Amino acid sequence: MTVPPGRRERKKAATRQKIADTALRLFLERGYDAVGIRDVAAEADVAVTTLFSHFASKEALVFERDDDFEQRLTQAVTGRAPDEPLIPALRREIQSLVRHCTADSATPIWRMIDASAALREYEESMRLRHAESLATAIVADPLLSRTTTASRTIARFVIDAYSLAREASDPDAALDEIFHMIEAAWAVTCPSRDSTGTDGP
């Protein structure tokens, strides 16, 4: 049974969201490079140390749902029914993430990200981390029985599907096309030869 968050956890989450919302508003109003960490902390009425207790860097303020997205991807593997195929479960989650990130309200944010080398670099490292977490979840599932290499490859394909579909003029059509190829790639991967999740000789 899920235990509801306590008062301390709710207060911490509210502070984190306030900082993120404040940062995004300032970035969009003044420009990402024109706003510093101290500006965000002052506007959110928190200490700089408090801000850094919630966000490791200025870039992380823009991608404040990073951990949530990563968790959702791994839960698409670990939380699916025992008889549910993997790829359709991942497709549903990627489609949900793409729709969230292609909403009209997200357009100014992506325009800001595209204009900043630091944010583009951070997003790239974030996507690689998400792919590794997803691969780890796939390897750990004994019912899937795929090698580490196969799992990492499919995970990269899935994360790339998100990026490609987000940038496409018709995201749903792009996902249909991409996941058709991912299904084919998954079908030809060889089961692992041992129970450790590592490649055989």
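Here's a quick rundown of the structure.

Examining the nonpolar core
At step 1: One finds Phe27, Val40, Val62, Leu90, Ile94 and Phe179 to be the most contacted residues of the largest nonpolar core, which totals 57 residues.
At step 2: At eight residues, helix α8 (residues 117–140) tops the list of elements feeding residues into this core.
At step 3: With sequence-adjacent residues up to four places away left out, Ile94 is seen in contact with Leu73, Val158, Tyr162, Leu175 and Phe179.

Quick notes on the packing of helix α7 (residues 107–114) against α8
Each pair of packed helices can be summarised by the angle the axes make with each other and by the distance between the axes.
At step 1: With their axes 6 Å apart at the nearest point, α7 and α8 run at an angle of 100 degrees to one another. Accordingly, the angle class assigned to the pair α7 and α8 is roughly perpendicular. Counted together, Trp110, Met112, Ile113 and Asp114 of α7 and Leu119, Arg120 and Glu123 of α8 form the full contact between these two elements.
At step 2: Considering only residue class, the contact of α7 with α8 consists of four nonpolar, no polar and three charged.

A closer look at the packing of aromatic side chains
At step 1: The final tally for this structure, using the stated rule, is two aromatic pairs.
At step 2: Between Phe63 and Tyr122 the ring centres are 5.4 Å apart and the planes differ by 20 degrees, which places this aromatic pair in the stacked class. Here Tyr122 lies in helix α8 and Phe63 lies in the loop between α4 (58–62) and α5 (66–78), a separation of 59 residues in the sequence. Tyr122 matches Phe63 in its accessibility class, with the two residues each being buried.
At step 3: Of note, Arg146 hangs over the ring of Trp186, and the distance from its end group to the ring centre comes to 4.0 Å.
At step 4: Here the basic side chain of Arg166 rests over the ring of Trp110, its NZ or CZ set 3.4 Å away from the ring centre.

With respect to the pattern of salt bridges
Any two side chains of opposite charge can pair, given that their charged atoms come close.
At step 1: Throughout the structure, instances matching the rule amount to 17 salt bridges.
At step 2: Across the pair Arg166 and Glu123 runs a salt bridge whose closest N-O atoms are separated by 4.0 Å. With a gap of 43 residues between them, Arg166 in helix α9 (residues 148–167) and Glu123 in helix α8 connect regions that are remote in the sequence. Judged on exposure class, the residue Arg166 and its partner Glu123 are both buried.
At step 3: Through salt bridges with shared partners, one network takes in Glu123, Glu124, Arg127, Asp160, Arg166 and Glu167.

Rules used in this analysis
Residues numbered from 1 in each chain as written. Predicted model: local features only at pLDDT ≥ 70, side-chain atom pairs only at ≥ 80, totals over all residues. Heavy atoms only, no water. Core = buried A, V, L, I, M, F, W, Y, C linked by side-chain atoms within 4.5 Å. Buried < 20%, exposed > 50% of the residue type's maximum accessible area, 1.4 Å probe, protein only. Helix = DSSP H or I, 4+ residues; strand = E, 2+ residues; numbered from the N terminus. Contact = heavy atoms within 4.5 Å. Axes fitted to C-alpha atoms, helices over the stretch in contact; angles between N-to-C directions. Parallel < 35°, antiparallel > 145°, perpendicular 65-115°, else oblique. Nonpolar A, V, L, I, M, F, W, Y, C, P; charged D, E, K, R; others polar. Phe/Tyr/Trp six-rings, centres within 6.5 Å; stacked < 30°, edge-to-face > 60°. Lys NZ or Arg CZ within 6 Å of the ring centre and 35° of its normal. Salt bridge = Lys/Arg side-chain N within 4 Å of Asp/Glu carboxyl O.

So, to be careful, I would describe these as geometric facts and stop short of saying anything about function.
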